[in-house]
Amino acid sequence: MSFLSALFYDKCMKATEDACLIDWRKDLLKDINGSILEIGAGTGASLELYPKTDGLHITLSEPDKNMRAQLEEKITSKKLSNVSVLPCPSESISSDDNSYDYVFASLVCCSVNDVNASLKEIKRVLKPDGKFIFLEHVAAESGSNRRKWQNRLNPFWKRLAGNCHLNRETENLIKAAGFVLEDVKRESMRKAMSLVRPTIRGIARMS
Ligand SMILES: C[S@@+](CC[C@H](N)C(=O)[O-])C[C@H]1O[C@@H](n2cnc3c(N)ncnc32)[C@H](O)[C@@H]1O
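This report concerns the structure included in the present document. (Residues numbered from 1 in each chain as written. Predicted model: local features only at pLDDT ≥ 70, side-chain atom pairs only at ≥ 80, totals over all residues. Heavy atoms only, no water.)

Let's talk about the pattern of salt bridges
Stage number 1. Evaluated as defined, the whole model comprises 16 salt bridges.
Stage number 2. Lys 78 serves as the salt-bridge partner of Glu 48, at 3.3 Å between the closest nitrogen and oxygen. Placement of Glu 48 in the loop between β1 (35-39) and β2 (57-61) and of Lys 78 in the loop between α2 (65-77) and β3 (83-86) is noted, with a sequence separation of 30 residues between them.
Stage number 3. Of the charged contacts in the structure, one is a salt bridge between Arg 205 and Glu 182, with a shortest N-O distance of 3.6 Å. With Arg 205 in strand β7 (residues 198-206) and Glu 182 in strand β6 (residues 179-188), this residue pair connects regions lying 23 residues apart in the sequence.
Stage number 4. Since its relative accessible area comes to 37%, Arg 205 is described here as partly exposed.
Stage number 5. What emerges from the salt-bridge pattern is a single network uniting Asp 97, Glu 121 and Arg 124. (Salt bridge = Lys/Arg side-chain N within 4 Å of Asp/Glu carboxyl O. Helix = DSSP H or I, 4+ residues; strand = E, 2+ residues; numbered from the N terminus. Buried < 20%, exposed > 50% of the residue type's maximum accessible area, 1.4 Å probe, protein only.)

Details of helix α1 (residues 3-29)
Stage number 1. An ideal rise of 1.5 Å per residue puts 39 Å on 27 residues; α1 reaches only 29 Å between its terminal C-alpha atoms.
Stage number 2. Along α1, the sharpest kink reaches roughly 75°, centred on Glu 17.
Stage number 3. All of the buried residues in α1 are Ala 6, Met 13, Thr 16, Glu 17, Cys 20, Leu 21, Trp 24, Arg 25, Leu 28 and Leu 29.
Stage number 4. As for α1, its buried residues are in contact with β1, α2, β4 (100-106), β5 (126-137), β6 and β7. (Expected span 1.5 Å × (residues − 1). Bend = angle between axes of the 7 residues up to and from the residue. Contact = heavy atoms within 4.5 Å.)

Observations regarding the site of the ligand
Stage number 1. Neighbouring the ligand are 18 residues; Gly 40, Glu 62, Ser 90, Glu 91 and Ser 106 lie closest to it.
Stage number 2. Between the ligand and Glu 62, the relevant distance is 2.6 Å, taken from an oxygen atom to a side-chain nitrogen or oxygen of the residue.
Stage number 3. Between the ligand and Ser 90, the relevant distance is 2.8 Å, taken from a nitrogen atom to a main-chain nitrogen or oxygen of the residue.
Stage number 4. Of the residues contributing to the shell around the ligand, the split by class is nine nonpolar, five polar and four charged. (Near = heavy atom within 4 Å. Polar contact = N/O pair within 3.5 Å; in protein donor to acceptor, adjacent residues only side chain to side chain. Nonpolar A, V, L, I, M, F, W, Y, C, P; charged D, E, K, R; others polar.)

Topic: the sheet that holds β5
Stage number 1. Spatial strand order, β3-β2-β1-β4-β5-β7-β6: seven strands in an open sheet with mixed pairing. What marks the edges here is a single partner per strand, and that holds for β3 and β6. Sheet twist, expressed as the average angle between the axes of neighbouring strands with direction ignored, equals 15°.
Stage number 2. Across four bridges, β2 lies against β3 in parallel orientation. Bridge pairing in β3 links Ser 61 to Leu 86. (Pairing = 2+ DSSP bridges. Axes fitted to C-alpha atoms, helices over the stretch in contact; angles between N-to-C directions.)

Observations regarding the nonpolar core
Stage number 1. Leu 21, Ile 32, Ile 36, Tyr 50, Leu 60 and Met 189 are the most contacted members of the largest nonpolar core, which has 27 residues in total.
Stage number 2. For this core, the secondary-structure elements that each account for two or more residues are α1, β2, α2, β4 and β5.
Stage number 3. With residues up to four places along the chain from it excluded, the contact list for Ile 32 reads Tyr 50, Pro 51, Thr 53, Leu 56, Tyr 102 and Ile 133.
Stage number 4. Judged by nonpolar contacts, the second largest core, of 25 residues, contains Leu 119, Leu 126, Leu 181 and Ile 200. (Core = buried A, V, L, I, M, F, W, Y, C linked by side-chain atoms within 4.5 Å.)

Remarks on the packing of aromatic side chains
Stage number 1. Counting across every chain of the model gives two aromatic pairs.
Stage number 2. Aromatic side chains Phe 132 and Phe 134 sit 5.8 Å apart centroid to centroid with 45° between the ring planes, which places their arrangement in the tilted category.
Stage number 3. Under the relative-accessibility criterion, Phe 134 is labelled buried at 0%.
Stage number 4. Measuring from centroid to centroid gives 5.4 Å for Phe 132 and Phe 179, while their planes differ by 40°, and the two rings are tilted. In this pair, Phe 132 is assigned in strand β5 and Phe 179 in strand β6, connecting sequence segments 47 residues apart.
Stage number 5. Overall, the relative accessible area of 0% leaves Phe 132 in the buried class. (Phe/Tyr/Trp six-rings, centres within 6.5 Å; stacked < 30°, edge-to-face > 60°.)

Keep in mind that these numbers describe shape and distance, not what the molecule does.
Have a look at this one:
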C-alpha cells in the first residue's frame, strides 16, 4: 500500500466498520484466550476489540511498512503491553510450529499473493487443537451478475487496491487446505462497494 492509502485506510473503512465489521469482529473474538496471531493486521482495526483478558497474548503480523507504521503507532499510543508485531507475510510466518491457540485473518485472504501457501503456514503455526478465525470478502455466487463483474474488473481492481482480489473462493480454499469449518456465516458487507459485499466469517479447526 502506498503511504497515502495506508494513511487514509481507516477513514475509507469507517462507514463499513460502523455498519457491520466492528460487530462481526467482536463476535468472532469474544471467547478467545491464550495466544493469537492476527495475520495482515493492517492498521489494527481489531486491536481494541480483543477481550481484555489477562491471559491473552496477541501477535500481529503486517508485511506492509506503511500499514505497519500505523499499527505500531496505535499500539504505542494505547500503551498495549500484551501485543507484539511481526513484519512477515502470511506465506512465511516467522513463528515456530504449534505456537498459537488461534490465527485470525480479516479481509486478508483477498490480498495475499498465495492463499494456499498462507493456509499451509497457518496450519503449521497453530497448535493441534488451535482454531483459524476468518472474516473475508469473497467471490459472489457463480453465474451471478455480480460474479461476472468481479471477474471482469479483478485485473484492474487488484492493481488499484493493494493486490485485493474480488473473486477468490476463500471458503473452498480453506476446506481444501484441510480445515474443518465449524460455523460459517454468509452476509453482505453493509456500506461497502457492491463488488466486495459478499463475505464469509467463522471458525475452522484443524482436521
Ligand atoms: C484490506 S487490508 C485488511 C487489514 C486488516 N486485517 C483489517 O481487517 O482492517 C489487507 C491487509 O493484508 C495485508 N497483506 C497483503 N499481503 C499480505 C501477505 N502476503 N501476508 C500478510 N498480509 C498481507 C496488507 O498489507 C493489508 O494490511
